[in-house]
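Take a look at the letters that make up each chain.
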Amino acid sequence: MPPRFVILHGWENRRPADHWEHWLFDELSARDLEVDYPQLPDPDEPDLDTWLGLLDALVSRGERDVTLVVHSLATSLWLTHLARGGSPGRVTRLALVAIPSPAVLTPTVVAPFVEHPRRIGALPGVEQIVFEGEGDEYSPGGVRADYAIDPTFTVEAVPGGGHLVPASGFGPWPRILEWTLGVRLGA
């Protein structure tokens, strides 16, 4: 049975059609796969507890394994979820995309989202990857400058990727589709 896919967006995101997240949702849906890509409430001034409740519900429901793809603030949401004792739920594959620097977010309305340890650890039974855009303005020193990352994690640099948003050229992004499906396309 194929997994269920969950895609979560970040701060100030309203799921624009030209974003890679929306493209990924469309690609997975076209393959008749079950995909949750919700519009999280109040993306300009998100409430941490509300978003945590939605995350927990999305990764815990049902009997199928979950492949979770989180971008930007949603990566911080996931790390905070775990730091507060949250369970990985049904997640067996996890992509953390464009993890923002806590130093960049702390002086903003989303500061509560980065109140977690500066460590990204392995989770038993979960395949994990970090995608990091070169020149990301939300992570000026790179993810390793802000977090100790478990050596079992793959950190994949995306040349010229910036924050991996449409403004930096990330609408269709075949590599994220390949990782999400666990296959190499066109090979």
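Quick caveat, the model's predicted, so the values are computed rather than measured.

### Quick look at helix H6 (residues 174-181)
- Within H6, burial applies to Ile 176, Leu 177, Glu 178, Trp 179 and Thr 180.
- For H6, the secondary structure elements touched by its buried residues are strand E1 (4-8), helix H1 (20-30), strand E3 (66-71), strand E4 (91-97) and strand E6 (127-133).

### Section: the side chain of His 163
- Take His 163: it is sitting in the loop between strand E8 (154-158) and H6.
- Residues within four places of His 163 in sequence aside, it is in contact with His 71, Ser 72, Ala 98, Asp 136, Glu 137, Tyr 138 and Ser 168.

### Some remarks on the sheet that holds E8
- Taken together, the six strands give an open sheet; going across it, the order is E2-E1-E3-E4-E6-E8, and neighbouring strands pair in parallel fashion. Bordering the open sheet on either side are strand E2 (35-36) and E8, each of which pairs with just one other strand.
- As defined by bridge partners, E3 adjoins E4 across six bridges and the pair is classed as parallel. Directly across from Leu 68, in E4, lies its bridge partner Leu 94.
- Running over the sheet, H1 touches E1, E2, E3 and E4 and is turned about 165° from E1.
- Against the sheet, helix H3 (residues 73-83) makes contact with E1, E3 and E4, and its axis sits at roughly 125° relative to E3, the strand it touches most.

About the thresholds
- Residues numbered from 1 in each chain as written.
- Predicted model: local features only at pLDDT ≥ 70, side-chain atom pairs only at ≥ 80, totals over all residues.
- Heavy atoms only, no water.
- Buried < 20%, exposed > 50% of the residue type's maximum accessible area, 1.4 Å probe, protein only.
- Helix = DSSP H or I, 4+ residues; strand = E, 2+ residues; numbered from the N terminus.
- Contact = heavy atoms within 4.5 Å.
- Pairing = 2+ DSSP bridges.
- Axes fitted to C-alpha atoms, helices over the stretch in contact; angles between N-to-C directions.

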